[in-house]
Amino acid sequence: MDYIWTTVSTLDFLSEKGGRSMKDDESFVAFVDRTLERRNESSNIHKFFLQRSWHFFESKVQSWISSAISGNHLKELGVYMSRQNPRIIPPSVFTCESLISLGLQTLPSIQLPRHISFPRLKRLELLNFEVRDDNWNEQLFSNFRVLEELILKGLTVSMKFFSISVPTLKVLTVDTGRNEQNGIRNCVLKFDVPSLVSFSYTGYASKEFLCSSLLELVQADLKFDFEEDSEETDGVAISRCLQSLEHAKRLTLNDKTLQAICSARDQSSNSLAFHNVKILNITDHMVSELGLIDLLKATPSLESLVFAEYIDDFIEYYDVGEEDTEGDGDDDREEDDRDSTEGEADDDSEEDAADSMEGDNDHGSEDQVDVSEAAECASDDEIEAIDDYGYDSWVATMPNVENLLPHLQSVCFQQFAGNPTEMKWVVLILKNAKALQKMTTHYYDSDLRFTGAIGETEVMAVMPRIPRASAGCV
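Parameters at a glance
Here the residue index of a chain counts from 1 through its sequence in written order. Two thresholds apply to this predicted model, a pLDDT of at least 70 for residue-level local features and 80 or more for giving and counting side-chain atom pairs, whereas whole-chain, interface and lining totals are computed over all residues. Based on all heavy atoms of the structure, the side-chain values leave hydrogens and waters out of the count. Under the scheme used here, helices are H or I runs from DSSP no shorter than 4 residues and strands are E runs no shorter than 2 residues, and both carry numbers assigned from the N terminus. Remark: exposure states derive from per-residue accessible area (1.4 Å probe, protein chains only) relative to the maximum for the residue type, with buried under 20%, exposed over 50%, and partly exposed in between. Contact definition: two residues touch when any of their heavy atoms are within 4.5 Å. Methods summary: accessible areas were calculated by the Shrake-Rupley approach with a probe of 1.4 Å, and residue burial reflects only the protein chains presented. For two strands to pair, DSSP has to find at least two bridges joining them. Only the contacting stretch of a helix is used when fitting its axis, a line to C-alpha atoms as for every element, and angles between N-to-C directions run 0 to 180 degrees. Any two rings among Phe, Tyr and Trp, with Trp reduced to its six-membered ring, count as a pair given centres within 6.5 Å; such a pair is stacked if its planes are under 30 degrees apart, edge-to-face if over 60, and tilted if neither. Should the NZ of a Lys or the CZ of an Arg lie within 6 Å of a ring centre and within 35 degrees of the ring normal, that charge is described as sitting over the ring. Take the residue count of a helix, subtract one, and multiply by 1.5 Å to get its expected span. Here a polar contact is taken to be a pair of N or O atoms separated by no more than 3.5 Å, where protein atoms must pair a possible hydrogen donor with a possible acceptor and residues adjacent in sequence count only if both atoms sit in side chains. Relative orientations are named as follows: roughly parallel for angles under 35 degrees, roughly antiparallel for angles over 145 degrees, roughly perpendicular for angles from 65 to 115 degrees, and oblique for any other angle. Each crossing gets its handedness from the near helix: less than a right angle anticlockwise from the far helix is left-handed, clockwise is right-handed. Only buried Ala, Val, Leu, Ile, Met, Phe, Trp, Tyr and Cys residues count toward a nonpolar core, and they belong to the same one when joined by side-chain atoms within 4.5 Å. Basic side-chain nitrogens of Lys or Arg form a salt bridge, by our definition, when they fall within 4 Å of a carboxyl oxygen of Asp or Glu. Think of a 1 Å grid over the protein atoms and nothing else: a 1.4 Å probe that fits but is trapped marks a cavity, an open set flanked by protein within 12 Å on at least five of seven lines marks a pocket, and residues with an atom within 4 Å of a point count as lining. Grid points are joined across faces, edges and corners, and a volume is the space filled by probe spheres set on the points.

*Asks:* It is not clear to me how the overall build of the protein should be interpreted in this structure. Could you clarify?
*Replies:* Per the secondary structure count, the protein includes 12 helices and 22 strands. Buried positions account for 52% of the 474 residues belonging to the protein. The long-range share in the protein, meaning contacts at least 24 apart out of those at least 6 apart in sequence, stands at 69%. Entry remark: accessible area of the protein is about 22,200 Å², with carbon and sulfur atoms responsible for 45%.

Shown next as structure tokens:
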């Protein structure tokens, strides 16, 4: 009589850390050997996963993988480990006709065989893969017939030209990291992926982006990075990459990408137009206001705008019992500590919550106050001080802002600190978004305080007094 475990179709040998001793590794090897040797011969393996944090018994790994793919019944294979042998993955893997999903993470990078054919593969994931002239095979992409998802994380390029051509590809994820030695910045990156629906890129920009028309593109998520001394050069390359995404309906960008847009704004050849974009997400704390203004001008159909983190401004560092010190902040600075601001409501009023506020203030804080109560809490002097955050002089430097947001319906500040720059954006949106239906602000505590920031009670008091273009905004 067979044990149930001898017939299961999924074998998952995953361990984030290798054995603590040679004995542990030997026990692991014996376990895998026994599992494969005692399998019911009539039962096929459909999914096989192996993960170890360092190289061990590499000949065994080869035999295990070969055993798993024998008979061409394996559908999903994932191998994640360190190794010394660049050919630890058997060549038979790259001609396995039954594979639908393949994930490989090997340190250092694997050596690809000359002959590659994946007639049924729909998903390919390569982690920490280094593309070099001596290990790369163009057939890896050219022989895909039905590939739909390609993930390249920790990608390192040591070539002058790197091309991905997959007509059936729908999802493409590229992550080059922040390795300064990565040759991607000296590489021309070409994408021929006409069926692409989702595109994600993280890390340093390539020297140049070449991309076919992406008529089917729905969403693009870009988190570019660059050094300060290369902002202008990288800005041109990043802007050209953005141009190829003109058909996207949803954009997610970081502040570095906004800075790149701003740095290339004076070059007519880098003009942007996203007439189909309905949703725009800014993923980290925003510094480049002009970059966002330029982007909003390029997205006339925008309906939803989300700020995932605070908008940058001057901050005051402080510790309990010490005087505040003023600084201009860096990437590590966080939002205003509301415990140090004036005008906080008591516990009873705070529990009355957000039905009459500009939005749902329930992210990271349950402190919510009715607008009418907040207005009573703030004196006329406080209201006058709140209104004085330099909006008129700020907006005067940005021509034609009144035409920025003709279709905007929803705005969300997910980490609202109440600093002057954020308040300027609140006023800008309320005064110009004629179709606006809802503005949401989320507060949460922090150990930093922005210079000139106002507390939640004061913000709620001044919100109803801000002129707004939309009568239906709540």
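What follows picks up the thread again.
*Asks:* So what exactly am I meant to see when it comes to the pairing of strand 1 (residues 10–14) here?
*Replies:* Two faces, one strand: in a regular strand the side chains alternate between the faces of the sheet. Here strand 1 shows a clear split, with Leu11 and Phe13 buried on one side and none of Thr10, Asp12 and Leu14 buried on the other. Across five bridges, the pairing between strand 1 and strand 2 (residues 47–52) is parallel. The residue bridging Phe13 from the neighbouring strand is Leu50, located in strand 2.

*Asks:* In this structure, what is going on with the sheet that holds strand 13 (residues 208–211)? I would like to understand it.
*Replies:* Working definition: the strands of a sheet are paired by backbone hydrogen bonds and lie parallel or antiparallel to each other. Strand order in this open sheet of three strands is 9-11-13, and the pairing throughout is parallel. The open sheet has two edge strands, strand 9 (161–165) and strand 13, and neither has a second partner. The sheet shows a mean angle of 10 degrees between the axes of neighbouring strands, taken without regard to direction. Bridge count for strand 9 against strand 11 (residues 188–192) is five bridges, and the pairing is parallel. The residue of strand 11 that forms the bridge with Phe161 is Val188.

*Asks:* I keep staring at the packing of aromatic side chains and nothing clicks. Help me out?
*Replies:* Geometrically, a pair of aromatic rings is defined through the distance of the ring centres and the angle of the planes. Within this structure, the stated rule accounts for 16 aromatic pairs. A centroid spacing of 6.4 Å and a plane angle of 45 degrees characterise the contact between Phe199 and Tyr201, whose relative ring orientation is tilted. Among the residues examined, Phe199 registers a relative accessible area of 4% and is labelled buried. On the numbers, 5.3 Å between centres and 65 degrees between planes, the contact of Tyr310 with Phe450 is edge-to-face. Placement of the pair is Tyr310 in the loop between strand 17 (304–307) and strand 18 (315–317) and Phe450 in strand 22 (residues 448–450), with a sequence separation of 140 residues. Under the relative-accessibility criterion, Tyr310 is labelled buried at 1%. Taken together, Phe307, Trp394, Phe413, Phe416, Trp425 and Tyr443 form an aromatic cluster joined through their ring pairs. Directly above the aromatic system of Tyr204 lies the positively charged group of Arg185, at a separation of 4.3 Å from the ring centroid. When the ring centre of Phe226 is taken as reference, the NZ or CZ atom of Lys256 above it lies at 4.6 Å.

*Asks:* Would you mind showing me how to read helix 11 (residues 420–432) here?
*Replies:* Along an α-helix, residues three or four positions apart point the same way, because every turn accommodates 3.6 residues. The end-to-end C-alpha separation of helix 11 is 18 Å, in line with the 18 Å expected for 13 residues at 1.5 Å each. Burial within helix 11 is extensive, with 12 of its 13 residues counted as buried. When we look at burial in helix 11, the residues that qualify are Pro420, Thr421, Glu422, Met423, Lys424, Trp425, Val426, Val427, Leu428, Ile429, Leu430 and Asn432. Its side-chain oxygen placed 3.0 Å from the backbone nitrogen of Thr421, Asn419 serves as the N-cap of helix 11.

*Asks:* Is there a simple way to think about the side chain of Asn281 in this case?
*Replies:* With respect to the helices and strands, Asn281 occurs in strand 16 (residues 279–282). At 3.5 Å, the side chain of Asn281 and the side chain of Thr252 are in polar contact. Every residue in contact with Asn281, bar those within four places of it in the chain, is listed here: Arg250, Leu251, Thr252, Leu253 and Val306.

*Asks:* Sorry, what's going on with the environment of Phe413 here?
*Replies:* Residue placement: Phe413 occurs in strand 20 (residues 410–413). Once the C-alpha coordinates of Phe413 and Glu309 are considered, the two residues, 104 residues apart in sequence, prove to be 7.3 Å apart. Phe413 has contacts with Phe307, Ile311, Val426, Ile429, Met439, Thr440, Thr441 and His442, leaving out every residue within four places of it along the chain.

*Asks:* Could you clarify how one ought to interpret the packing of helix 6 (residues 289–297) against helix 11 in this entry?
*Replies:* Contact geometry of helix 6 with helix 11 gives a least axis separation of 13 Å together with a crossing angle of 20 degrees. Classified by the angle their axes make, helix 6 and helix 11 are roughly parallel. Of the two possible hands of crossing, helix 6 and helix 11 adopt the one that is right-handed. For the pair formed by helix 6 and helix 11, the contact residues are Glu289, Leu292, Ile293 and Leu296 on the first element and Thr421, Trp425 and Leu428 on the second.

*Asks:* What's the story with the nonpolar core in this structure? I'm lost.
*Replies:* Nonpolar side chains in soluble globular proteins tend to end up buried together. In this structure, Phe48, Phe199, Leu280 and Ile429 are the most contacted members of the largest nonpolar core, which totals 119 residues. For this core, the leading source of residues is helix 11, giving seven residues. Apart from the residues within four sequence positions on either side, Phe199 is in contact with Leu172, Phe191, Leu217, Gln219, Ala220, Asp221, Leu222, Cys241 and Leu245. Among the nonpolar cores identified, the runner-up in size contains six residues, and Tyr310, Ile315, Leu448 and Ala453 belong to it.

*Asks:* Honestly, the side chain of Thr35 in this entry has me stumped. Any pointers?
*Replies:* You can see Thr35 is positioned in helix 1 (residues 22–37). Within the structure, Thr35 has its side chain in polar contact with the backbone oxygen of Phe31 (distance 2.8 Å). For Thr35, the contacting residues outside a window of four places in its chain are Trp5, Leu11 and Phe13.

*Asks:* Is there a simple way to explain the pattern of salt bridges in this structure?
*Replies:* Per the stated rule, a full pass over the model turns up seven salt bridges. One salt bridge connects Asp225 with Lys256, and the closest N-O pair in it is separated by 4.0 Å. Placement of the pair is Asp225 in strand 14 (residues 219–225) and Lys256 in helix 5 (residues 255–263), with a sequence separation of 31 residues. Judged by its relative accessible area of 23%, Lys256 falls in the partly exposed class. Where salt bridges share partners, they join Arg123, Glu125 and Glu149 into one cluster.

*Asks:* I keep staring at empty space enclosed by the protein and nothing clicks. Help me out?
*Replies:* One simple way to see leftover space: roll a probe sized like a water molecule over the atoms. Tallied over the entire structure, the rule returns two cavities of 30 Å³ or more. If you add up the space inside the second largest cavity, you get close to 40 Å³. For the second largest cavity, the full set of lining residues is Leu104, Gln105, Thr106, Ser109, Ile110, Leu126, Leu127, Asn128 and Phe129. Counting residues per element, the lining of the second largest cavity draws most heavily on strand 4 (residues 101–107), which supplies three residues.

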